[in-house]
Amino acid sequence: MLARAFADAIRLLWDLDPALLETVALTLQVTLAALAIALVVGIPIGASVGLARRLPGRSLIVPVIYTGMGLPPVVVGLFVYLMLSNQGPLGALGWLFTPTGMIAAQTIIAFPLVVGLTMAAVQGVDPDLGAQMRALGATKRQVALITLTEARVGVTAAVVAAYGSIISEVGAVMLVGGNIEGETRVLTTAIVLETRRGNFALAMALGIILLTLAFLTNFVFYRLQVRQGGR
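Source: prediction; values computed, not measured.

### A short note on the overall build of the protein chain
Secondary structure assignment for the protein chain yields eleven helices and zero strands. Seen in sequence order, the protein chain has helices and strands lined up from the N terminus as α-α-α-α-α-α-α-α-α-α-α. Along the first, second and third principal axes, the C-alpha atoms of the protein chain reach 65 × 50 × 25 Å. Within the protein chain, buried positions represent 42% of all 231 residues. For the protein chain, the computed accessible surface area is about 12600 Å², with 67% contributed by carbon and sulfur atoms.

Written out as structure tokens, the structure is:
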């Protein structure tokens, strides 16, 4: 049974089944959009917290960030669902069961990881660097940019961790997206559905694609990390 399902999965991949391509395209659209938003917002915040070693309330802010890094995706999905439902405060946006709502949920999942790992990477940079740059007349913005450059390997790790957490996530996108064929069905939710249906060949084909995408993404980020680290 396993061998037959695997053979049928390879055939589906070889034939470039339209349903597969549609699911892959939506998966990339949702995950990359969520990652981009999390990076644009999260990296500056992580760098700011990492640099502000005397930040008021830091003893509370940092544990909150670390707690966010371990948020169960299904809890995030429940929160976003309640916010976007018809009776929720953001129900008027009409984002529930849409790719936009899925992006919102995955952004919330990725954001704490980006902030926390960026903060840790910045804190790992020699603290004397900032003092030296300020002595040379650098502005706070310039100090932050230089520090981020020095912490680039750790920041790249933050990107890898954040993307890995959302491309493999099921619970949140299932709750918020609804797994609607042709509209909100992504690789992870499609795998769950096809497995329940007993369509193991398609589920396996989707799984192969998901693993391939994860590997290629991590390989690219790893090469960037190696190059940035000078090894």
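### Focus on helix 3 (residues 58-69)
Between its first and last C-alpha atoms helix 3 spans 17 Å; for twelve residues at 1.5 Å apiece the expected length is 16 Å, and the two agree. What helix 3 keeps buried is the set R58, V62, I65 and G68. Axial view of helix 3: buried residues confined to an arc of 120 degrees, hence all on one face. Exposed side of helix 3, more than 90 degrees from the buried face: S59, L60, V64 and T67 are the residues found there. In this fold, the buried residues of helix 3 make contact with helix 2 (18-51) and helix 5 (99-123).

### Regarding the side chain of R185
Within the secondary structure, R185 sits in the loop between helix 9 (171-177) and helix 10 (187-197). Among residues more than four places away in sequence, those in contact with R185 are T23, L26, N179, I180, A190, L193 and E194.

### Topic: a nonpolar patch on the surface
Among the surface-exposed residues, V74, V75, L78, Y81, L82, F97 and L175 lie close enough to one another that they form a single nonpolar patch of about 570 Å² accessible area. A total of five residues in the nonpolar patch trace back to one element, the largest contributor, which is helix 4 (residues 73-84). Looking at where V74 falls in the secondary structure, it is placed in helix 4. Owing to a relative accessible area of 46%, V74 belongs among the partly exposed residues under this scheme.

Criteria and thresholds
Residues numbered from 1 in each chain as written. Predicted model: local features only at pLDDT ≥ 70, side-chain atom pairs only at ≥ 80, totals over all residues. Heavy atoms only, no water. Helix = DSSP H or I, 4+ residues; strand = E, 2+ residues; numbered from the N terminus. Buried < 20%, exposed > 50% of the residue type's maximum accessible area, 1.4 Å probe, protein only. Areas by Shrake-Rupley, 256 points an atom, 1.4 Å probe, with all protein chains shown as cover. Expected span 1.5 Å × (residues − 1). Arc of directions from axis to C-beta. Contact = heavy atoms within 4.5 Å. Patch = residues over 30% accessible without salt bridge, like charges linked within 9 Å, V, L, I, M, F, W, Y side chains within 5 Å. Salt bridge = Lys/Arg side-chain N within 4 Å of Asp/Glu carboxyl O.

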